[in-house]
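The primary structure of each chain is shown beneath.
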Amino acid sequence: MSETNSWPAAALLRGARTQLEPLTVAHAREAVAFLGDVRLHRWTGGAPPTEEELERRCRRQTVGHSPDGRQGRLNRMLRRHTDGRLVGTVQATLHRPRPGLAEAELAWVVGHDFQGAGYGKEGAATMACRLRERGVARLVAHVHPEHRASAGIARSLGMRPSGEVHDFEELWTTAPDTGPRHGRRL
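The structure reproduced in this document is the subject of the present report. The structure displayed is predicted, hence computed values, not measured ones.

1. Some thoughts on the packing of aromatic side chains
Part 1 of the argument: Counted under the stated rule, the structure contains zero aromatic pairs.
Part 2 of the argument: For Arg 96, the ring lying beneath its charged end belongs to Trp 7, and the centroid distance is 4.1 Å.

2. Notes on a positive patch on the surface
Part 1 of the argument: A cluster of basic residues, Arg 56, Arg 57, Arg 59 and Arg 60, forms a positive patch on the protein surface.
Part 2 of the argument: Note that Arg 60 resides in helix H3 (residues 51–61).
Part 3 of the argument: On the basis of relative accessibility, which here comes to 57%, the residue Arg 60 falls in the exposed class.

3. Some points on helix H4 (residues 119–133)
Part 1 of the argument: Between its first and last C-alpha, H4 extends 21 Å over 15 residues, near the 21 Å set by a 1.5 Å rise per residue.
Part 2 of the argument: What H4 keeps buried is the set Tyr 119, Gly 120, Glu 122, Gly 123, Ala 124, Thr 126, Met 127, Ala 128 and Leu 131.
Part 3 of the argument: Looking one or two residues past H4, Gly 135 carries a phi angle of roughly 95°, positive in sign.

4. Here's the deal with the pattern of salt bridges
Part 1 of the argument: Scanning all chains against the criterion turns up nine salt bridges.
Part 2 of the argument: Where Glu 122 meets Arg 17, a salt bridge forms, and the shortest distance between an N and an O atom there is 3.3 Å. Of this pair, Glu 122 sits in helix H4 while Arg 17 sits in the loop between strand S1 (13–14) and strand S2 (18–22), placing them 105 residues apart in sequence.
Part 3 of the argument: Exposure remark for Glu 122: the relative accessible area of 14% places this residue in the buried category.
Part 4 of the argument: Residue Arg 17 is classed as partly exposed on the basis of its relative accessible area of 34%.
Part 5 of the argument: Residue Asp 83 is joined to Arg 80 by a salt bridge in which the shortest nitrogen-to-oxygen separation is 2.6 Å.

5. Comments concerning the sheet that holds S1
Part 1 of the argument: A sheet is described by the order of its strands in space; here eight strands give the open sequence S1-S2-S3-S4-S5-S6-S8-S7, paired in mixed fashion. Strands with a single pairing partner mark the edges of an open sheet, and in this sheet they are S1 and strand S7 (160–166).
Part 2 of the argument: Taken strand by strand, helix H1 (residues 27–35) contacts S2, strand S3 (72–80), strand S4 (86–98) and strand S5 (101–110), and its axis lies near 105° from that of S4.

6. Some thoughts on the packing of H1 against H3
Part 1 of the argument: Where H1 meets H3, the closest approach of the two axes is 9 Å, and the angle between their N-to-C directions is 115°. H1 and H3 meet at a crossing whose hand is right-handed. Here Ala 28, Arg 29, Ala 31, Val 32 and Leu 35 of H1 come into contact with H3, specifically with Glu 51, Leu 54, Glu 55 and Cys 58.
Part 2 of the argument: Each residue belonging to the contact of H1 with H3 can be placed in one class, and the counts come to six nonpolar, no polar and three charged.

Procedures and definitions
Residues numbered from 1 in each chain as written. Predicted model: local features only at pLDDT ≥ 70, side-chain atom pairs only at ≥ 80, totals over all residues. Heavy atoms only, no water. Phe/Tyr/Trp six-rings, centres within 6.5 Å; stacked < 30°, edge-to-face > 60°. Lys NZ or Arg CZ within 6 Å of the ring centre and 35° of its normal. Patch = residues over 30% accessible without salt bridge, like charges linked within 9 Å, V, L, I, M, F, W, Y side chains within 5 Å. Areas by Shrake-Rupley, 256 points an atom, 1.4 Å probe, with all protein chains shown as cover. Salt bridge = Lys/Arg side-chain N within 4 Å of Asp/Glu carboxyl O. Lys, Arg positive; Asp, Glu negative; His and termini not counted. Charge placed at Lys NZ, Arg CZ, Asp CG, Glu CD. Helix = DSSP H or I, 4+ residues; strand = E, 2+ residues; numbered from the N terminus. Buried < 20%, exposed > 50% of the residue type's maximum accessible area, 1.4 Å probe, protein only. Expected span 1.5 Å × (residues − 1). Pairing = 2+ DSSP bridges. Contact = heavy atoms within 4.5 Å. Axes fitted to C-alpha atoms, helices over the stretch in contact; angles between N-to-C directions. Left-handed = near helix turned anticlockwise from the far one by under 90°. Nonpolar A, V, L, I, M, F, W, Y, C, P; charged D, E, K, R; others polar.

Spelled out as C-alpha cells, the structure:
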C-alpha cells in the first residue's frame, strides 16, 4: 500500500470453499438470518440487529474508510461456494502507525449454524493473504479468552496472545507492538 491514505479498493476474494465479497447494503436482508441469531452474541456482545439496523450499519461500512480517511476498512461477506449461502463476515481495519508500516486489525464472525466447518479460518486466511500481498506487516485481532475457536483462527494466522486485554477481549498479534491502534471494531 502506498504512503498516502489511499486504501485497497473493494474486490472479490476467493478461497477454496468460500468467497469474500465486498459488503453492500443489499447484504443486510440475507445476513440478518445469521447475525440476528441470539446464540451468536455470546461472543460478539450486544443484541441481535433488526434488518433495518443492519441496513444502516451496512450503509456506514460500505464507504471503505473512516470519515477522516486515516483508516481503511475492508468489510466482506463470507459466502459458501456449494450453495451460495452467506455464512459469516470478515473485516479488516487498516492503518499506518508510522510511514512505511501498514497494520490491519482483523475480525471474523461465522453464523452459529455454520460454525465448526472451518469457514472462519478460510475466510480470515484469505483476507490475511491479500493483506500481506498488499504490504501489511502486522495483523492483530481481539479474541474473547474463552472463545477457543476464534483463538484457533488467530493462531492459524500466525498470531499470538499479547496478554493485553481490552473490553474483556485479549489482543492477539503477529508482531511486537509498533504503536497506538486506531479503533477496535468496524
